[in-house]
Amino acid sequence: MIVPADPDGIRRAAEQVRNGGVIAYPTETVYGLGADPFHIDALKRIFAIKGRSTQKALIVLIPGIEDLHTLTTETSPNARRLMAAFWPGPLTLIFKAYPNLPSELLGGRSTIALRHSNAPITQDLLSQLKGPITSTSANRSGNPPAESAFMAAKELGPNLDLILDGGRA
């Protein structure tokens, strides 16, 4: 189901994520697959939907720097400088992962990839969630990433709980 990225659509998308659903939503560059990074069944669905190896970790988008403490145990001085210069924005940084995070999220690693997005719709979605969301391109592994809600629907539609249409990414 494709819904517009208006306040009601964003509310519905956040509700799907909170309830263990998998959605597609626009980011700065492409449409991403979003799920609650703490919901193991939702994470497993992402890998199944994409046909992706579970050995590949997922990126997590955070509402703000203050949310780092739920996902990582430390931030280096270099990371703090990069965050100050480039966040929010399309820069993903790698941190030591909080030890109790789902292994499905980390792909068997002890690190986590985090980004503080500057995409307005993503920011609205994160505000509704009051927490992080996964972000991996909305496509089957090996195929080009979706750049629109239509492309996400064509590639993955029946497997998704909702597609948030924010126009072309």
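See the structure printed just above.
Model, not experiment: these values are computed from the prediction.

### Re the sheet that holds strand S2 (residues 23–26)
Strand pairing within a sheet occurs via backbone hydrogen bonds; the two strands may be parallel or antiparallel.
Alright, step 1. Here we have eight strands laid out as an open sheet, ordered S1-S8-S2-S3-S7-S4-S6-S5, and mixed in their pairing. The sheet is open, and its two borders are formed by strand S1 (2–4) and strand S5 (93–96), each paired with just one other strand. Ignoring which end each strand starts from, the neighbouring axes of this sheet average 35° apart.
Alright, step 2. Looking at chain direction, S5 and strand S6 (residues 111–115) are connected through four bridges and run antiparallel. Looking across to S6, one finds that Ile94 is bridged to Ala113.

### Some remarks on the nonpolar core
Alright, step 1. Of all hydrophobic cores here, the largest spans 33 residues; its most connected members are Phe95, Ile112 and Leu114.
Alright, step 2. When contributions to this core are tallied by element, the ones reaching two or more residues are strand S3 (31–34), helix H2 (40–50), helix H3 (77–86), S5, helix H4 (103–106), S6 and helix H6 (149–156).
Alright, step 3. Per element, the largest residue contribution to this core is five residues, and it comes from H2.
Alright, step 4. By size, the runner-up hydrophobic cluster in this structure holds 14 residues, among which are Val17, Ile23, Tyr25 and Leu126.

### Details of the packing of helix H1 (residues 7–18) against helix H5 (residues 120–129)
Alright, step 1. Two elements in contact, H1 and H5, have axes separated by 9 Å at closest approach and are oriented at 55°. Classified by the angle between their axes, H1 and H5 sit oblique to one another. Here H1 and H5 pass one another in a crossing that is right-handed. In contact with Ile10, Arg11, Ala13, Ala14, Val17 and Arg18 of H1, H5 contributes Ile121, Asp124, Leu125, Gln128 and Leu129.
Alright, step 2. A breakdown of the residues in the contact of H1 with H5 according to their chemical character gives seven nonpolar, one polar and three charged.

Procedures and definitions
Residues numbered from 1 in each chain as written. Predicted model: local features only at pLDDT ≥ 70, side-chain atom pairs only at ≥ 80, totals over all residues. Heavy atoms only, no water. Pairing = 2+ DSSP bridges. Helix = DSSP H or I, 4+ residues; strand = E, 2+ residues; numbered from the N terminus. Axes fitted to C-alpha atoms, helices over the stretch in contact; angles between N-to-C directions. Core = buried A, V, L, I, M, F, W, Y, C linked by side-chain atoms within 4.5 Å. Buried < 20%, exposed > 50% of the residue type's maximum accessible area, 1.4 Å probe, protein only. Parallel < 35°, antiparallel > 145°, perpendicular 65-115°, else oblique. Left-handed = near helix turned anticlockwise from the far one by under 90°. Contact = heavy atoms within 4.5 Å. Nonpolar A, V, L, I, M, F, W, Y, C, P; charged D, E, K, R; others polar.

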